[in-house]
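# Examining the three-dimensional arrangement
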Amino acid sequence: MLPQLYDVVTNYQPDLIFSDGEWEKPSSFWNSTDFLAWLYNDSPVKDTIVVNDRWGSETRSQDGGYWTAEYSGSVWWRHKWEENSGIDVHSYGLNRNSQVGNYSTPEGLVHLLIRTVAYGGNLLLDIGPSHDGTILPVMQERLLQVGQWLKVNGEAIYNTQPWMVRSERGSKETGTIFYTENKSLNAVYAHITNIPSDYKIVLQVPAPSSSTVITLLGDNTPLKYTYNPSVGITITLPGLSPGYPCNYAWVLKLTSVITIPQLEPIQNFWNQKVTDNALCQNETTIEKLEMQQYSAVRIEGLISKSQLPGTVPLSLYYSSTNQDYASTTASTFNATYDYIGLQGYVYTSQAVGMVPIDLYWSAQRKDYYLVGSPESLADAKQNGYVLAGRQGYAYPGPDYANTCVEVYCP
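These numbers come from a predicted model, not from an experiment.

On to the pattern of salt bridges. A complete count under the given rule lists 8 salt bridges for this structure. Across the pair Glu141 and Arg142 runs a salt bridge whose closest N-O atoms are separated by 3.1 Å. Overall, Glu141 belongs to the partly exposed group, its relative accessible area being 40%. Residue Arg142 is classed as buried on the basis of its relative accessible area, which comes to 10%. Across the pair Glu155 and Lys253 runs a salt bridge, and its minimum N-O distance is 2.9 Å. Placement of the pair is Glu155 in the loop between helix 5 (137–153) and strand 6 (161–169) and Lys253 in strand 13 (residues 250–255), with a sequence separation of 98 residues. Glu155 sits in the partly exposed class, given a relative accessible area of 30%. Residues participating in the shared-partner salt-bridge network are Asp20, Glu22, Arg54, Arg60 and Glu70.

As structure tokens, then:
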């Protein structure tokens, strides 16, 4: 393929190259590094080209201008990324043996789009045309259905960015609620994937200001709402007839909400070799852990980068005796643990929508485990960890029902 790649770049000067099929051999086998060195130093597109992360069996989610997930639900916080999915969930190309159940539903595609954008990703949605370029009617229908949804709700997708809190766990009826933001419009968008039977939506994290107006995209009538700091914003939706103002998901637009301070994720890392959990936010510490063969597993919560009223510092310690990292808010810690560095600040009291951050301990593993997500709590209890003490509270991280952040599950 290299001669063809050189030819395409030289004669057509593309903006982006999506490489694929790399997984069986390392980049040295494919001579990828030679091509990429030419691409970025001597090619006619050296100053503008963008490439993905598929250049060898060792390069996915490690190298490349942007990283790619494929049917995995993975997301990345600190790196440009893209979700790659086909409308046919079993094939990128045309599969004439596919049955109707193999094709994603319009609801599933809209929800995938919302989740991807809320977490800062780009969605590449593949169709499988026939040899003459014909698109199957079922795929045409799916594209048109997603397009119809975007006609109503595109404002909450295009020209937006992730909000400081990407999602929150709603009620059993509403499920996960996703957020996007348009700063130029001073608007936050709450994406609702299920409407409760009483037509009341509770948003735990946003706090309204005196000038906040809430509307449903597709219907500009201001909605009635109440606010209780211990509950959140309760919004009463109008009775929605089927298809009005859209199908599959509904978007609430909130203007002039109170700004949440800048938040950063505290990530849980794991080292299988020494059976040690380590939780940190500081990028220098993260690089150190990765050099020690720790792999990121998930985000436990979102904490403040600066000290605000009602917050306390969260610091990382290390014990060479136990080969164990531990994060805690304690000003003095176990004598065998040495101070490594400040990671951020957690809240001392729980506001609505926040999650508790607890420190667990395993005497068998000699391992401290800082827990914020339900998945880590279940993991700690299953492996015999016991509660050592509550450290504080944080805003919730991503919803982990179908994902493992940073892609490296142990």
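Picking up after the structure, the text goes on.
So, on to the sheet that holds strand 10 (residues 214–216). Within the open sheet, the 5 strands sit side by side as 6-7-8-13-10. Their pairing is antiparallel. Strand pairing shows two members of the sheet lacking a second neighbour, strand 6 and strand 10, which therefore form its edges. Averaged over neighbouring strand pairs, the angle between their axes works out to 20 degrees when direction is ignored. Taken together, the 5 bridges between strand 6 and strand 7 (residues 176–182) define a ladder with antiparallel strand orientation. The residue bridging Pro162 from the neighbouring strand is Thr180, located in strand 7.

Here the focus is a nonpolar patch on the surface. Taken together, the side chains of Leu16, Phe18 and Val50 present a nonpolar region at the surface, about 220 Å² in accessible area. Along the polypeptide, Val50 turns up in strand 2 (residues 50–51). Under the relative-accessibility criterion, Val50 is labelled partly exposed at 32%.

As a further point, take the layout of surface pockets. Counted as a void, the second largest pocket has a volume near 330 Å³. Lining the second largest pocket are 13 residues; nearest its centre among them are Met1, Leu5, Ser19, Asp20 and Trp30.

A cis amide bond, omega -15 degrees, links Tyr244 with the succeeding residue Pro245. Structurally, Pro245 is set in the loop between strand 12 (232–236) and strand 13. Although it is not a glycine, Ser61 adopts a positive phi angle of roughly 55 degrees. On the secondary structure map, Ser61 appears in the loop between strand 2 and strand 3 (67–70). By relative accessible area, which is 5% here, Ser61 ends up buried.

About the criteria used
Residues numbered from 1 in each chain as written. Predicted model: local features only at pLDDT ≥ 70, side-chain atom pairs only at ≥ 80, totals over all residues. Heavy atoms only, no water. Salt bridge = Lys/Arg side-chain N within 4 Å of Asp/Glu carboxyl O. Buried < 20%, exposed > 50% of the residue type's maximum accessible area, 1.4 Å probe, protein only. Helix = DSSP H or I, 4+ residues; strand = E, 2+ residues; numbered from the N terminus. Pairing = 2+ DSSP bridges. Axes fitted to C-alpha atoms, helices over the stretch in contact; angles between N-to-C directions. Patch = residues over 30% accessible without salt bridge, like charges linked within 9 Å, V, L, I, M, F, W, Y side chains within 5 Å. Areas by Shrake-Rupley, 256 points an atom, 1.4 Å probe, with all protein chains shown as cover. 1 Å grid on protein atoms, 1.4 Å probe; cavity = no way out; pocket = protein on both sides within 12 Å on 5 of 7 lines; lining within 4 Å. Points joined across faces, edges and corners; volume = space filled by probe spheres on them.

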